[in-house]
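Summary of structural features
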Amino acid sequence: MRVTSTPLRLGSFGADFITGTSFNDYVFGFFGNDRIELTGGVNRVFAGRGDDTISVLDPQSTNILFTGRGNDVIEITDTFSSNTVVRDFEIGADRIDVSALGITSIEGITVLQQSGSVMILADGHELTLDYVTRGQITAGDFIFAEEPPEPVVVVDFEELENAPTELDPVNHSDPLPEGYLGYTWTDFWLMETDEFADYFPDHSFVPQSGDNVIYGYITGNPGISRDTNFGIDSLYIGSA
């Protein structure tokens, strides 16, 4: 249900999408998991019961928020107004979403104690929480952006073909040492050609010469193997 009345903005007993106006709005969410977007003016929000999300879309607006009962979220984005105060922020239930700002941890947040309230500073934006102390604020009160994935690296098998003799396996196979050729190796093993044939007699291709690099040997099911006769030139490794 989308509510469009003005300046009194009323929700219902269900999940509502309530949008504000450029005027001074009174917003009542009542029940349900509502999304409330404030677009201007001097606004007072009474979110009511339910898990509500409140977003401020006008940096020039002034907003007084009462989150009510439930696990509510206040979104801080590039359009957030620093003239926003939450009168009843509930520690352990309500949260502040800073993911849109690219903040990935509590280290990107500054919390300042004021008289009877705290000010949350996030990437130049301010949010005031009344009746909360600085010592109560933890990382659990925020929603952070996910850490960026590790970059994909390319392993050049031509380098592995010319591996120094000290990497020759002593037993039937030896793990590639961590940091070898500048890479971190997990479950990669070096195996002699004849040992490869002995341990994997049912493999569809048996190398004829040189050493082999295999993956997943511990599981007994190598997913990747390398010999001068193979047509694999490089291996792309990315984070899971």
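Residues numbered from 1 in each chain as written. Predicted model: local features only at pLDDT ≥ 70, side-chain atom pairs only at ≥ 80, totals over all residues. Heavy atoms only, no water.

Turning to the sheet that holds strand β6 (residues 42-46), a few remarks are in order. Strand order in this open sheet of eight strands is β2-β4-β6-β8-β10-β14-β13-β12, and the pairing throughout is mixed. Looking at strand neighbours, the two that pair on one side only are β2 (8-12) and β12 (109-114), the edges of this open sheet. Averaged over all adjacent pairs, the angle separating strand axes in this sheet is 15°, with direction ignored. (Pairing = 2+ DSSP bridges. Helix = DSSP H or I, 4+ residues; strand = E, 2+ residues; numbered from the N terminus. Axes fitted to C-alpha atoms, helices over the stretch in contact; angles between N-to-C directions.)

Pairing geometry for strand β3 (residues 17-19) and strand β5 (residues 35-38), over three bridges, is parallel. What sits directly across from Phe-17, in β5, is Arg-35. Two elements, β5 and strand β7 (residues 53-56), share four bridges in a ladder whose sense is parallel. Residue pairing in the sheet places Leu-38 in a bridge with Val-56 of β7.

On to the environment of Asn-83, then. By the element assignment, Asn-83 lies in the loop between β9 (73-75) and β10 (84-86). Linking Asn-83 and Ser-61, residues 22 residues apart in sequence, is a C-alpha distance of 6.9 Å. Setting aside chain neighbours within four positions, we find Asn-83 in contact with Ser-61, Thr-62 and Asn-63. (Contact = heavy atoms within 4.5 Å.)

Moving on: the pattern of salt bridges. One pass over the structure, following the stated rule, counts three salt bridges. Glu-37 is the partner of Arg-35 in a salt bridge, and the nearest nitrogen-oxygen pair spans 2.9 Å. Classification of Glu-37 by relative accessible area gives buried; the value is 15%. Of the charged contacts in the structure, one is a salt bridge between Arg-35 and Glu-75, with a shortest N-O distance of 3.0 Å. (Salt bridge = Lys/Arg side-chain N within 4 Å of Asp/Glu carboxyl O. Buried < 20%, exposed > 50% of the residue type's maximum accessible area, 1.4 Å probe, protein only.)

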